[in-house]
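Summary of structural features
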Amino acid sequence: MNFKQTVFLVAISGFLVTSCNNENEPTLPKGEYDKGILIANEGAFSGGTGTINFISNDYTTTEEKIYNKVNNENIGTILQSIGFNNDDAYLIANIGNKIAVANRFTMKKITEISGDLNNPRYMAFANGKGFVTNWGEGSDTTDDFIAVIDLTTNTISSKITVSEGPEHIIASGNFLYVSHKGGWGSGNTITVINASTNTIVKTVSVGDIPDELALDNRGNILVSCEGKAETSWNPTEVLGSLVKINGVTNEVISTINFASGFHPNSMVLNAGNIYLSTSSSVYKMDENATAVPTSKIITTPVYGISVNEDKIYVTDAKDYQTNGSLKIFDATTNLELKEFTVGLIPGKIYFN
Amino acid sequence: MNVKRFLIFFIIIAIASNSYSQRDSVVVNLDAFSLSISKVKNFSKGYSTILISDNLVTRNIRSLTDILKFNSFIYFKENGLGMVSSPSFRGTSASHTAVVWNGININSQLNGQVDFNAISANSYNNIAVRSGGGSVLFGSGAIGGSIHLDNLITFSKQERHKVLANYGSFNTKHISYDYLNSNVKSFVNIGITTNSSDNDFKYLNSSLINENGSYYNYNFDVNYGYKINEKHQLKLYSSSFFADRNLSRTLNAPSNDGYEDINSKNLVEWNFSISPKELITSRVSYIFEKFKFFDNNKNKSNFSDGMTKRKIAQIDYNNSISRKLKLNSILGFESVSASGSSFASNTRNILSGVLSLNHQLTKKMSYGIQFRKDFQNDFESPFLYSLGIEQKFSKKYTLSFNTSKNFRIPTFNDLYWQPGGNINLKPEASYQFEIGNTISFKNISFQLNGFYIKSSDLIQWIPSQSGFWSPTNTDKTKNLGIEISANYKKFFKNHFIEMNMNYSHTDAKDIETNKQLISVPKNRFNALVNYHYTNWSLFYQMLFNDDVQFLVDTIPAFQVSNIGLEYQLSILKNKPKIGFVINNIYNANYQNTLNRPMPGLNFQITTNINF
């Protein structure tokens, strides 16, 4: 990976887009990468490194490998996700087994957390602490844990042992919700953790392979469960589902099954709408709807989605061997506005 | 292929052979006969072969990767020193180089490849690298080329012991003992080898060291021959290998993975000389391979594994119809079963028929023609052929041409891996054309080959709709290239000098996207100079490897050189040799695969005693 060769790319077609957000706030940018989109590219599994692309909100500035360039070092193999706490970005390298802490607007590295991590996945913040899900070794079902990070020192202060395959984690007040996707196996639970005592307060049963989590306007926790597609090695389909958990009692309020063949791989909640995606389309439903969406709003290859300020962002990992792309759609008309080439296997989209 | 027509053709040839056999006096000398070597020599008209001499093996004895990367055209994707190492021959992929042990194709039934760091490097009398497609003779995967590892069983009076002991940087050790005892009636050869290394070298221009890279391996060989009488010989070959490796870190990620391999190859061969011209060889072989992968080598109770067992039976009929006409036909049956953590137990049976003919048409022109057809329960196998022609224009110049259709059958992983395996795959098909020129003078010889390989239905794992990776027959590729090798030898008084060099230029592209294939160096060059004077010998070897594309990254081109000096202590009774080797003398910072640095300057002491 020669990041010295990285060049500044200026999108020549940027002026074609007349954005209404342009002259919004006269505040000074907090860094070179303020007021823009960050795309976390996983990078190559074998020996590779994750990278981050930056695209300014007005689309005039695009830049690749921003962290690698600013710090003259690599993020590590497989940039799984980024956790944000105030101005700090926590770059989680899954195979690299480390978290680089950097300023989200300048990308300047502050410190690095490593050592006690083991296959780290996602991070949430509560009660002044960071919580990182760790799969442990893929073949070991008993070594999974949540690493508790002391945010003042950025060191691991303790570990909470949990069941197999902790994946996504979100905070709701003083509680954390962890989906157990199940490592190489398959899970069907949500663990609720008290962020003050670092203890498990409840395990909630949901559908098979619970993945993404979101908080709705009533304080309920939404869980998208992939289910299991019918294949030659799995002859019986398990339907995907959307499960709602009461954020006070931690009881399941409702479970809506998806149609046969619909197995969501990501879910985003934005402005009262739930966006769900499969590998080829995006669906939309009201967060209080009791029926699942039947018609897609966008048909495009999907690796990751995100929604922000009336725009839908979709990444395409292409063939997983060449650079992927980011497509931006208008969330009202569902029409494509713009496409950018980004890095290898672009997984996550964040907004500065 | 119509089976009936195939049999009829076979019968006709056999009848023709009888009518010829009477007036010729060519005799198969059974005592020094190795069928597998003779196949590479006699039934490979138009194909070029590099023979790896004993002293090259001794010099790079750590692994077969080291031996071949400095002495052949093959590029190795070595995942760090001593780690998993797969070949790319003529720009083809890892499962397109066949490794043939005493005539038996030993590519893994699980992934179609041979890990060249998990196979003994010094168990053979003869190592040959044959460029070009050879599926007809050597089976699935012989597309870029094939590597032949042979043991010779001869019935002549000799007894010897050979001990080799090397020690080098990073606590790297090699110890081997080889014993041979033979007479006119029987032959025994036993070999024991062990290799180990801490392999904890420093990465150049980095604060990291090669953590988790240690390995050790053992190899045990037995070769036995018994001459029942002038007509019958019984031979037994057995080679067992065990390796325990930690899989080293990369520049971007630490590792605590571990890997264990066990493989055992066993072959019983019965040579029956029906007449002075006709030889029937029957063979029964049992090959076992097993691996265990540990994602935490501190906790070896958790692992994933895979295992295959192969039983092979072959009848190989050779007829030297005349001095000019040689015929070979093979009828083979193979049953393979595989099991492992990622797939259910499965078995496949393959019946194969091969017919080869070699004909010296005129004094200067000869040709070889071969056919193969496999029948198996999983899928339809294509009819394969190979044609090679050689024309000698003068004592100094020979022109050759060959064309062949080759294949690779889907592996057990491709078919049955859970999740993702695709039972509807068909074999990969590959067509090949090659022109070769051999120019020989008294002290110097040149070989120049141009090749074109067009492959279709290449099996590629791609992400499927259901989110799993699954193999399909999608890719089409074309590989175009040249290979040049030169060899120079000269004696003068007490001096002997030898120089070898190999250069290859390969242009390998995906036909649909017109993009260069990943993991293929465009230019590759290696050279060797050997110099002997009385008891001293000196060698210098170098390798240049061009830029290699890997996904969105480029592995930079590199050049690495080794130098060694050896002295034979003639005053001592057994005349032992001691030597000193400096590897990577220019301390080059290089990588064979992305972000896996190789060691800088390092040393090795070698001792070699024969008694």
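See the structure printed just above.
Okay, so let's go over this structure. Everything numeric in this text was worked out from a predicted model, so none of it was measured. Within each chain, residue numbers correspond to sequence positions counted from 1 in written order. In the order they appear in the text, chains get letters beginning with A and ligands get numbers beginning with 1. Residues qualify for local features only when their pLDDT is at least 70, as the model is predicted, and side-chain atom pairs are given and counted only at 80 or more; totals for whole chains, interfaces and linings, by contrast, use all residues. Calculated side-chain values reflect all of the structure's heavy atoms, with hydrogen atoms and water omitted.

**Examining the sheet that holds strand S23 (residues 281-286) of chain A**
Residue and element names in this part refer to chain A. Two strands make a pair as long as DSSP finds a minimum of two bridges between them. Secondary structure elements follow DSSP: runs of H or I no shorter than four residues count as helices, runs of E no shorter than two count as strands, and numbering proceeds from the N terminus. Strand order in the open sheet formed by 4 strands is S21-S22-S23-S24, with antiparallel pairing between adjacent strands. The sheet is open, and its two edges are formed by strand S21 (266-270) and strand S24 (296-299), each paired on a single side. Direction aside, the axes of adjacent strands within the sheet are offset by 20° on average. Pairing of S23 with S24 involves 3 bridges; the strand directions are antiparallel. Bridge pairing links Val 282 to Ile 298 in S24. In this analysis an axis means a line fitted to C-alpha atoms, helices contributing only their contacting stretch, and an angle means the value between N-to-C directions, from 0 to 180 degrees.

**Thoughts on the interface of chain A and chain B**
With 27 residues of chain A at the contact, the number on the chain B side is 28 residues. Counting the surface lost from both chain A and chain B, the interface buries some 2,200 Å², and carbon and sulfur atoms represent 51% of this. In the sections that follow, a salt bridge refers to a side-chain nitrogen of Lys or Arg positioned within 4 Å of a carboxyl oxygen of Asp or Glu. Our count for the chain A to chain B interface comes out at 0 salt bridges. N or O atoms closer than or at 3.5 Å make up a polar contact, with two conditions inside protein: a donor-capable atom paired with an acceptor-capable one, and, for residues adjacent in sequence, both atoms drawn from side chains. Our count for the chain A to chain B interface comes out at 8 residue pairs in polar contact (both at pLDDT 80 or more). Each residue belonging to the side of chain A that touches chain B can be placed in one class, and the counts come to 7 nonpolar, 18 polar and 2 charged. Throughout, a residue-residue contact means that at least one pair of heavy atoms, one from each residue, lies within 4.5 Å. Two parts placed together each lose some accessible area under a 1.4 Å probe, and the buried area is that loss summed for both. Residues are sorted three ways: Asp, Glu, Lys and Arg are charged, Ala, Val, Leu, Ile, Met, Phe, Trp, Tyr, Cys and Pro are nonpolar, and all the rest, Gly among them, are polar.

**Quick word on the pattern of salt bridges**
For the structure on display, the rule yields 33 salt bridges over all chains. The salt bridge involving Lys 69 of chain B is made with Asp 66 of chain B; its shortest N-O contact spans 3.7 Å. Taken together, the residues Lys 69 of chain B and Asp 66 of chain B, both in helix H4 (residues 64-71) and 3 residues apart, mark about one turn of the helix. We note that Lys 69 of chain B, like Asp 66 of chain B, is buried. Lys 227 of chain B is the partner of Glu 230 of chain B in a salt bridge, and the nearest nitrogen-oxygen pair spans 3.7 Å. Exposure classes here rest on a 1.4 Å probe applied to the protein chains alone. A residue is buried below 20% of its type maximum, exposed above 50%, and partly exposed in between. Overall, the relative accessible area of 8% leaves Lys 227 of chain B in the buried class. One connected set of salt bridges, linked through shared partners, spans Arg 121, Glu 167, Lys 181, Asp 211 and Glu 226 of chain A.

**Concerning empty space enclosed by the protein**
All names here are of chain B. A 1.4 Å probe that fits into a set of points on a 1 Å grid over the protein atoms alone but cannot get out defines a cavity; an open set with protein on both sides within 12 Å along at least five of seven lines defines a pocket, and lining residues are those with an atom within 4 Å of a point. Grid points are joined across faces, edges and corners, and a volume is the space filled by probe spheres set on the points. Applying the stated criterion to the full structure yields 9 cavities of 30 Å³ or more. What the largest cavity holds in volume is close to 550 Å³. Considering the residues around the largest cavity, the lining is formed by 36 residues, among which Asn 105, Phe 138, Gly 139, Glu 334 and Arg 372 are closest to the centre. Looking at the lining of the largest cavity residue by residue, the classes come out as 13 nonpolar, 15 polar and 8 charged. Volume-wise, the second largest cavity comes out at about 220 Å³. Lining of the second largest cavity is provided by 20 residues; of these, Arg 62, Asp 66, Phe 70, Asn 562 and Asn 583 occupy positions nearest its centre. Looking at the lining of the second largest cavity, the elements that each hand over two or more residues are H4, strand S26 (536-545), strand S29 (558-568), strand S30 (577-583) and strand S33 (602-610). With 3 residues, H4 is the single largest residue contributor to the lining of the second largest cavity. In terms of residue class, the lining of the second largest cavity is made up of 9 nonpolar, 7 polar and 4 charged.

**Topic: the nonpolar core**
Residue and element names in this part refer to chain B. In terms of nonpolar packing, the biggest core is built from 35 residues, with Ile 52, Leu 64, Leu 68, Phe 116, Ile 119, Val 129 and Leu 149 touching the most fellow members. When contributions to this core are tallied by element, the ones reaching two or more residues are strand S1 (49-52), helix H3 (54-59), H4, strand S4 (97-101), strand S6 (126-131) and strand S7 (145-150). In terms of residue count, the dominant contributor to this core is H4 (3 residues). Ignoring any residue separated from it by four or fewer positions in sequence, one finds Ile 52 in contact with Val 57, Ile 67, Leu 68, Asn 71, Ile 127 and Val 129. Counting 27 residues, the second largest nonpolar core, distinct from the first, contains Leu 137, Phe 138, Ala 142 and Phe 407. We call a set of buried Ala, Val, Leu, Ile, Met, Phe, Trp, Tyr and Cys residues a nonpolar core when their side-chain atoms join them within 4.5 Å.

**Observations regarding unusual backbone geometry**
What is expected of a backbone is that most residues other than glycine have negative phi and most peptide bonds are trans. Residue and element names in this part refer to chain B. The amide bond that connects Gln 418 to the next residue, Pro 419, takes the cis arrangement and shows omega of 0°. Not every positive phi belongs to a glycine, and Asn 584 is a case in point at roughly 50°. Note that Asn 584 resides in the loop between S30 and strand S31 (591-593). Residue Asn 595 is not a glycine yet carries a positive backbone phi of 60°. Examined against the element boundaries, Asn 595 turns out to sit in the loop between S31 and strand S32 (596-597).

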